[in-house]
Structures are given as C-alpha cells and as structure tokens.
Amino acid sequence: MNAPDTAAELIQQGLVHHRAGQISLAMDRYTQVLRNDPRNADALYYISLIACHEGQFQQGIDLARRSLSFRPRQARAHNVIGQALHRMGQIKDALASFDNAIECDANFADAYGNRGNMLSELGRNAEALSSFDRALALNPNSAADWLNRGATLHAAGRAEEAITSYDKAIALQPDFCVPHCNRAHALLDLNRDMDALASYDHAIALEPKFAEAYLGRALVLRKLGKLDEALGGIDKAIEIKNDVPKMHEARASLLRSLGRMDDALAADAKAAELEAQKQAAIGKDAGIENKGS
C-alpha cells in the first residue's frame, strides 16, 4: 500500500498540472493540501493565482492575504495582490502592494515592472522610468518592460527614446503586434509618416483585427492626403471595435474634410453617446467602490 503523498509532493503535482493549463487537476491537488493543512501558504498562494486568472480578483486577494498571514514577507503574494487591485482599477492600492513586494525582495524584477506601470498610469513618469530601468537591470530580456518603458517615454514627450525602447521589445518578441503599433504612433508624432505607415502595416499583418493599428494607419493616410483610403481604414477599425469614442471622433473629423456634413454629425453624435456611456460606467463603478469602503 502506497504512503499518501506529502503536501510538498501534492504542490509539485499541482504545479505540473497548472503549468500545463490543467487547472481543475491543479486545484484538486492544492485543495487536497488544504484539507490536511488549512494553513499551507503555498497552496493558498497558488489557488489565489487561479482565482485571479479566472477573474475572481477579490477572492484572489483574500486568498493571497491569507497566505501572507501564515507566511509573512512573501513578495510573490504582494505582487499578485497588486495585479488584482490593478485589474479592479485601484491603482494607488496596487502601487502600495508592489512596493510591499519590493520591500520583501529587492531583486524582484516583475514587481519593479508592475510598479512602473502603476506610476505611469498615475502620470509619475520619471519615477516610472526609474522603476522600469531597475526591472530591466534585473531582467533585460523582458519584452513587456521594454514596451511599457517605451510607452512611458512617449507619454513624457520623448518619442525618439521611446522608439529605441520599442525596438528592444520587438527584438525580443518580434511577432507581438503591440510594440510595432506603439512604434508607429511615435514615428507619426515625429512626422516620419512613411516609416509609421510601414510599422502600422506590420502590426496589422501580425494581428489583422488590431483596431488601434487601423486607426493609426488612417491618420497617416489623412496626413498624406489620401482621405478616402483613410476613411476606409477608420471604418475597418470601427467594424472591429465599435465602442471607442475616439474612433468615431476621428471618423467625424475626416467626414467633415470630405464635405459629408450630415454623416459627420451622425459620427459626432455616436462618439458623444459612447463617451456618456463610458463616464456613466466609471461613475457607477466609483459608487460601488465607495459603498463597499
């Protein structure tokens, strides 16, 4: 008769299933550990990851905090709490969690990258860049950190430097469409229109349903005086993603340039309707958060 698996063995079995995407089998192993030891910090942490992956962010936070209560100073648990808080729109609280992760482990590259994203969203670009630079010093092969560093540089008005950062991301992950599109945005701001067009085309070749790239491409075509072709690009972007106000605003502006005033008014009205819906949703979410605090 075989001896029962130890908690460590069950955790390892769970991780094998987890990494293979066999989530129900992984959960079976983790919960088996908790049935025998409800205070097992590893099992609680890995279940928190699954909860967050499935969109159950508050549950994931609660599980990670419970893991911390049994094993304090887990940088990884603070990191997953920060990621969940970010997904819930609680940027300042997420930033505090990433700071906690770094306090637990000063060499945790992911936490520095995540911290940089929060600082960037808060408009604290210089601090964000410092955090990305620290993340990349620890892990220079992180395409995501090069990408986000580039976006922060671009937001700070440093488009040339942003392109260099995007090029690093592309070298590490050439088949990812986003850095090609972001690179095109920076090139457009530098009036390098043909280079921007080529980058938008590359992004679309990698992801044919990339609405943002079609919109950017249309803006280049408008600058080049190709108004009908630009309108076709915006219409394609809206066909893919029709709930973005700025796309309808761009369509309205282009229609006015083409002398199609009635169509432009209709596009303006659609943009205003979508923006009102967006603000109402933000207000509703804020009301729910305030009620729960």
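Above: the structure in question.
Okay, so let's go over this structure. Residue positions are given per chain, counted from 1 along the sequence in the order it is written. With pLDDT at 70 or above as the cut-off, local features in this predicted model cover only qualifying residues; side-chain atom pairs require 80 or more to be listed or tallied, and sums for whole chains, interfaces and linings still use all residues. Side-chain descriptors were evaluated using all non-hydrogen atoms of the structure, hydrogens and water having been removed beforehand.

1. Focus: the overall build of the protein chain
Spelled out, the test is: Secondary structure is summarised from DSSP: a helix means a run of H or I of at least four residues, a strand means a run of E of at least two, and numbering begins at the N terminus for each. Burial classification: accessible surface area is computed with a 1.4 Å probe over protein chains only, and a residue below 20% of its type maximum counts as buried, one above 50% as exposed, and the rest as partly exposed. When checking whether two residues touch, look at their non-hydrogen atoms; a contact exists if any pair is within 4.5 Å. Here the accessible surface of atoms and residues is derived via Shrake-Rupley with a 1.4 Å probe, and residues count as covered only by protein chains that are part of the display. Neither His nor the chain termini are counted; the positive set is Lys and Arg, and the negative set is Asp and Glu. Here the site of a charge means atom NZ of a Lys, CZ of an Arg, CG of an Asp or CD of a Glu.
Within the protein chain, the regular secondary structure consists of 16 helices and 0 strands. Considered along the principal axes of its C-alpha atoms, the protein chain spans approximately 80 × 40 × 40 Å. When burial is assessed residue by residue, the protein chain has 42% of its 293 residues classed as buried. Contacts in the protein chain between residues far apart in sequence, at least 24 positions, make up 44% of those at least 6 positions apart. When the accessible surface of the protein chain is summed, it comes to about 15400 Å², and 50% of that surface belongs to carbon and sulfur atoms. Of note, the protein chain has its 34 positive side-chain charges centred 2 Å away from the centre of its 39 negative side-chain charges.

2. Remarks on the environment of Met 88
Its place among the elements puts Met 88 in the loop between helix H5 (75–87) and helix H6 (91–104). Using a relative accessible area of 25% as the deciding quantity, one classes Met 88 as partly exposed. Taking the C-alpha atoms as reference points, Met 88 and Gly 55, separated by 33 residues in sequence, lie 9.8 Å from one another.

3. Section: unusual backbone geometry
Unlike most non-glycine residues, Arg 73 shows phi in positive territory, near 65 degrees. Note that Arg 73 resides in the loop between helix H4 (57–70) and H5. Even without being glycine, Asn 191 reaches a positive phi, approximately 65 degrees. With respect to the helices, strands and loops of the structure, Asn 191 is situated in the loop between helix H11 (177–189) and helix H12 (193–206).

4. Here we look at the packing of H6 against helix H7 (residues 109–121)
We apply this condition: Angles run from 0 to 180 degrees between N-to-C directions of axes, and those axes are lines fitted to C-alpha atoms, restricted for helices to the stretch in contact. Angle categories: roughly parallel below 35 degrees, roughly antiparallel above 145, roughly perpendicular from 65 to 115, and oblique for all the rest. Handedness of each helix crossing follows the sense of rotation of the near helix against the far helix: counterclockwise by less than a right angle gives left-handed, clockwise gives right-handed. Ten residues, namely Ala, Val, Leu, Ile, Met, Phe, Trp, Tyr, Cys and Pro, are considered nonpolar, four, namely Asp, Glu, Lys and Arg, are considered charged, and the remaining ones, Gly among them, are considered polar.
Running from N to C, H6 and H7 cross one another at 155 degrees; their axes reach a closest spacing of 9 Å. Accordingly, the angle class assigned to the pair H6 and H7 is roughly antiparallel. Where H6 crosses over H7, the two elements pack in a sense that is left-handed. Residue-level inspection shows Ile 91, Ala 94, Leu 95, Phe 98, Asp 99, Ala 101 and Ile 102 of H6 in contact with H7, the latter providing Ala 111, Tyr 112, Asn 114, Arg 115, Met 118, Leu 119 and Glu 121. When the residues that make up the contact of H6 with H7 are grouped by side-chain class, the tally is 10 nonpolar, 1 polar and 3 charged.

5. Structural notes on the environment of Gly 116
By the element assignment, Gly 116 lies in helix H7. Exposure remark for Gly 116: the relative accessible area of 0% places this residue in the buried category.

6. What about the pattern of salt bridges?
For the record, the criterion: Basic side-chain nitrogens of Lys or Arg form a salt bridge, by our definition, when they fall within 4 Å of a carboxyl oxygen of Asp or Glu.
Evaluation of the coordinates by the stated rule reveals 17 salt bridges. One salt bridge in this structure joins Asp 193 and Lys 223, with 3.0 Å as the shortest N-O distance. Taken together, the residues span a long stretch of sequence, with Asp 193 in helix H12 and Lys 223 in helix H13 (residues 211–223) at a distance of 30 residues. Taking relative accessible area as the criterion, Asp 193 reaches 15% and is therefore assigned buried. Across the salt bridge formed by Arg 256 and Asp 268, the nearest N and O atoms sit 2.6 Å from each other. With Arg 256 in helix H15 (residues 245–257) and Asp 268 in helix H16 (residues 261–292), the pair connects residues that are 12 residues apart, well separated along the chain. Residues joined in a network through salt bridges with shared partners are Asp 42, Arg 71 and Arg 76.

7. Regarding helix H1 (residues 7–19)
The line we're drawing: Given the number of residues in a helix, its expected span is that number minus one, multiplied by 1.5 Å. For this quantity, the arc is that covered by the directions from the helix axis to the C-beta atoms.
Under the 1.5 Å per step criterion, the end-to-end length of H1 is 18 Å for 13 residues, consistent within 8% with the ideal 18 Å. All of the buried residues along H1 are Leu 10, Ile 11, Gly 14, Leu 15 and His 17. Projected down its long axis, H1 carries its buried residues within an arc of 165 degrees, all on one side. Looking at H1, the residues exposed on the side facing more than 90 degrees away from the buried face are Ala 8, Val 16 and Arg 19. Where H1 is buried, its residues meet helix H2 (23–36) and helix H3 (41–53). Trailing H1 by a residue or two, Gly 21 shows a phi angle of about 80 degrees, which is positive.

8. Quick word on the packing of aromatic side chains
What counts here: Any Phe, Tyr or Trp ring, taking Trp's six-membered ring, that has another such ring centre within 6.5 Å forms a pair; planes under 30 degrees apart are called stacked, those over 60 apart edge-to-face, and the others tilted. A ring is scored as having a charge over it whenever the NZ atom of a lysine or the CZ atom of an arginine sits within 6 Å of its centre and within 35 degrees of its normal.
Taken as a whole and judged by the stated rule, the model has 2 aromatic pairs. Taking the centre distance of 5.5 Å and the plane angle of 20 degrees together, the rings of Tyr 30 and Tyr 46 count as stacked. A residue pair is termed long-range when its members are at least 10 positions apart, and Tyr 30 in helix H2 and Tyr 46 in helix H3 qualify at 16 residues. When the ring of Tyr 45 is compared with that of Tyr 46, the centres are 5.2 Å apart and the planes differ by 65 degrees; the resulting orientation is edge-to-face. What makes Tyr 45 buried here is its relative accessible area of 10%. Here Arg 76 stacks its cationic end above the ring of Tyr 45, 4.1 Å away from the centre of that ring. Here the basic side chain of Arg 76 rests over the ring of Tyr 46, its NZ or CZ set 5.3 Å away from the ring centre.

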